[in-house]
Amino acid sequence: MKKIFSYSLFALLLSAVACENGLSDLNISKTNPTSLDPSLLLNQAVINTSFPVKSLVFDVGIVQQMVTPNGGVLAGANFNQDSRDVTTQPLWTAYYQSVIKNTYDALTRSRDNPARSNMYNMARIYQSYVFMILTDEYGDIPYKEGGAGLTDRILLPQYDRQQDIYPQIIQELTEAAAALDPAGTIESGDVLYAGDIAKWKKFAYSLLLRAGMRLGKVDAAKAQSTVQAAVNGGVITANADNAYIRHDANFTQPIGGTLNGSEAANFYLTKPFVDQLKNTNDPRLQAIAIRYVGAESGAGQTVAVGTTDPTKQIGMPIGRDNGTIGAAATADGLVSFYEYSQVDRRRIVKINSPVFLVTAAQTNLLLAEARFRGWITTGAAAQYYEDGIRAHMDQMAVYDPNSAVPTAARDNYVSAHPLTAGSELEQINTQYWIASFLNGPEAFANFRRSGFPALTPNPYGQPNNPDVPNGTFIRRLTYPTSELSINTENVNKAIQNQGEDKLSTRVWWDRP
């Protein structure tokens, strides 16, 4: 018995030694990478930038392009209601956790590698784009420390003032664009431009143009010099250079998924948007809209009763809820509110529809305004204006062949609506509003910057609304509850600097 025990103990010891000798190998995954290529991180950032449903509830509603009469989780712009827990947090959370974290990590992994210089500068450009959206939406935000949680363990980042962020974004875009080198490593795996250096440069300079135009009311000299630098660098003026996200069955379009899913019958084109297109015989109305004639419910919104005839489109009045929208529909001769026009979810908001970030249409229209203001001396404002309209009409075909605007209809519209002396800024920025349809953050930012189109403030809940006073518009989004409860000290400093954490508080560059 003693002998058997000795042999058993000896075997156990040998087994333990063998396990110890192989322990380090067992702890090394044979399938998971120990480090990520920065190109994968940048691609993940790009894909995750597609505008979330929050953009529908607030941005698109604030600029009166689409609204819903339904409250609850959909309450937002149409109710002049601050629903930060349900609707504002997703943009903040999605962009910081799924976009900025990835661009910051891509920068960290490529910064000191000369062979990945182009990747480093592409990541700088894209991160600047996303930070511009965040600061335009909220005002003061974590910028310098905004993406440092994973790499630097900064879990409670400090906020930077918007007036300090914009000069840094301008510097980043300027330096990164200049540093891109066609003779360097071409990052062909990039999902935005397949590493095309010339297109990345145009993307950067187009963002620089946007940044310069934003500064017009707070620093006209800086605005002009920034715009001039952008134009000298070369901006996007043709649709072939548009920056947009491609979607497929695996990477679906968030808004398309929503409007083809549970919220299909809840969002409608607004009366101001439909009337603008309808009253000017704009061929884009037929490309965008559908109306389900006679629909008494969501189930009644079938292909059989759908019409894209622009003469039959009727936009939903804003500022109505479930208690008042029925009477409005009756007054408009409809059997129910389900008959109001919608964006066509079978054409331009499919689950695989593209999401446009920066386009030739937008850039040409900004050039038209810059030329009108005398900030640039090349080209003619009228020509830029016409080129912007044509570019957006041509862009419609990328959504779906059935949304293509015929060339003759496009040219007839342009000929019938020239840039007219005395109304240049209104015309240019109204067209920018149309050209930014479905790009909620940009439409919202340019509406605040320019004051156009001339919309009537949403009357819902006024004059006693504590967040949006009578006769005014929402001017920013409020900070998420998670920041207020966890990053309390830093967010309170931002509020002290910027003003009350309300929808009506203006960001730094937004001046009356």
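Look up: the structure comes first, before these words.
Now for a quick tour of the structure. Fair warning: this is a prediction, and the values are worked out from it, not measured in the lab.

**Remarks on the environment of Glu 175**
- Among the secondary structure elements, Glu 175 is positioned in helix H8 (residues 162-179).
- Residue class for Glu 175 comes out partly exposed when judged on its relative accessible area of 36%.
- Each C-alpha atom of the pair Glu 175 and Asn 121 lies 8.3 Å from the other, and the pair is 54 residues apart in sequence.
- Ignoring anything within four residues of it in the chain, the contact list for Glu 175 reads Asn 121 and Arg 124.

**Regarding the nonpolar core**
- Residues Tyr 126, Tyr 129, Trp 200, Phe 203 and Leu 357 are the most contacted members of the largest nonpolar core, which totals 125 residues.
- Broken down by element, the residue count for this core peaks at eleven residues, all from helix H6 (residues 117-138).
- In this structure, Tyr 129 is in contact with Thr 49, Phe 51, Phe 203, Leu 207, Arg 210, Leu 357 and Val 358, ignoring residues within four places of it in sequence.
- Within the second largest apolar cluster, eleven residues are counted, among which are Ala 265, Tyr 268, Ala 328 and Ala 329.

**Overview of H8**
- When the terminal C-alpha atoms of H8 are compared, their 25 Å separation across 18 residues agrees well with the 26 Å that a helix rising 1.5 Å per residue should span.
- Every buried residue of H8 is listed here: Gln 162, Ile 165, Tyr 166, Ile 169, Ile 170, Leu 173, Ala 176 and Ala 177. One side of H8 carries all its buried residues, which in axial view fall inside an arc of 145°.

**Some words on the pairing of strand E4 (residues 289-292)**
- Neither face of E4 is exposed, since Ala 289 and Arg 291 on one face and Ile 290 and Tyr 292 on the opposite face are all buried.
- Of the pairings in the sheet, the one linking E4 to strand E6 (residues 342-343) comprises two bridges and is antiparallel in character. Of the residues in E6, the one forming a bridge with Ile 290 is Gln 342.
- As paired strands, E4 and strand E5 (residues 306-307) are joined by two bridges and run antiparallel to one another. Across the sheet, Tyr 292 pairs through a bridge with Gly 306, a residue of E5.

**Side note on the pattern of salt bridges**
- If you walk through the whole model with that rule in mind, you get 28 salt bridges.
- Glu 187 is the salt-bridge partner of Arg 116, the closest N and O atoms lying 2.8 Å from each other. One end of the pair, Arg 116, is in the loop between helix H5 (84-110) and H6; the other, Glu 187, is in the loop between H8 and helix H9 (197-214), and 71 residues separate them in sequence.
- The class of Arg 116 is buried, set by a relative accessible area of 15%.
- Notably, a salt bridge pairs Arg 390 with Glu 386, separated by 3.6 Å at the nearest N-O pair.

**A word on the packing of helix H16 (residues 381-399) against helix H17 (residues 407-416)**
- At their nearest, the axes of H16 and H17 sit 10 Å apart, and the two run at 155° to each other. On the basis of the axis angle, H16 is roughly antiparallel to H17. In this structure, H16 crosses over H17, and the sense of that crossing is right-handed. Within the contact between the two elements, H16 uses Glu 386, Ile 389, Arg 390, Met 393 and Asp 394 and H17 uses Arg 410, Asp 411, Tyr 413 and Val 414.

**Examining the sheet that holds E4**
- Across the sheet, three strands lie side by side as E5-E4-E6; this open sheet has antiparallel pairing. In this open sheet, the two edge strands, each paired with only one partner strand, are E5 and E6.

**So, the side chain of Arg 476**
- You can see Arg 476 is positioned in the loop between helix H19 (440-450) and helix H20 (481-486).
- At 3.2 Å, the side chain of Arg 476 and the backbone oxygen of Lys 502 are in polar contact.
- Setting aside chain neighbours within four positions, we find Arg 476 in contact with Glu 137, Tyr 138, Phe 444, Arg 448, Gln 498, Glu 500, Asp 501, Lys 502, Leu 503, Thr 505 and Val 507.

Rules of the game
- Residues numbered from 1 in each chain as written.
- Predicted model: local features only at pLDDT ≥ 70, side-chain atom pairs only at ≥ 80, totals over all residues.
- Heavy atoms only, no water.
- Helix = DSSP H or I, 4+ residues; strand = E, 2+ residues; numbered from the N terminus.
- Buried < 20%, exposed > 50% of the residue type's maximum accessible area, 1.4 Å probe, protein only.
- Contact = heavy atoms within 4.5 Å.
- Core = buried A, V, L, I, M, F, W, Y, C linked by side-chain atoms within 4.5 Å.
- Expected span 1.5 Å × (residues − 1).
- Arc of directions from axis to C-beta.
- Pairing = 2+ DSSP bridges.
- Salt bridge = Lys/Arg side-chain N within 4 Å of Asp/Glu carboxyl O.
- Axes fitted to C-alpha atoms, helices over the stretch in contact; angles between N-to-C directions.
- Parallel < 35°, antiparallel > 145°, perpendicular 65-115°, else oblique.
- Left-handed = near helix turned anticlockwise from the far one by under 90°.
- Polar contact = N/O pair within 3.5 Å; in protein donor to acceptor, adjacent residues only side chain to side chain.

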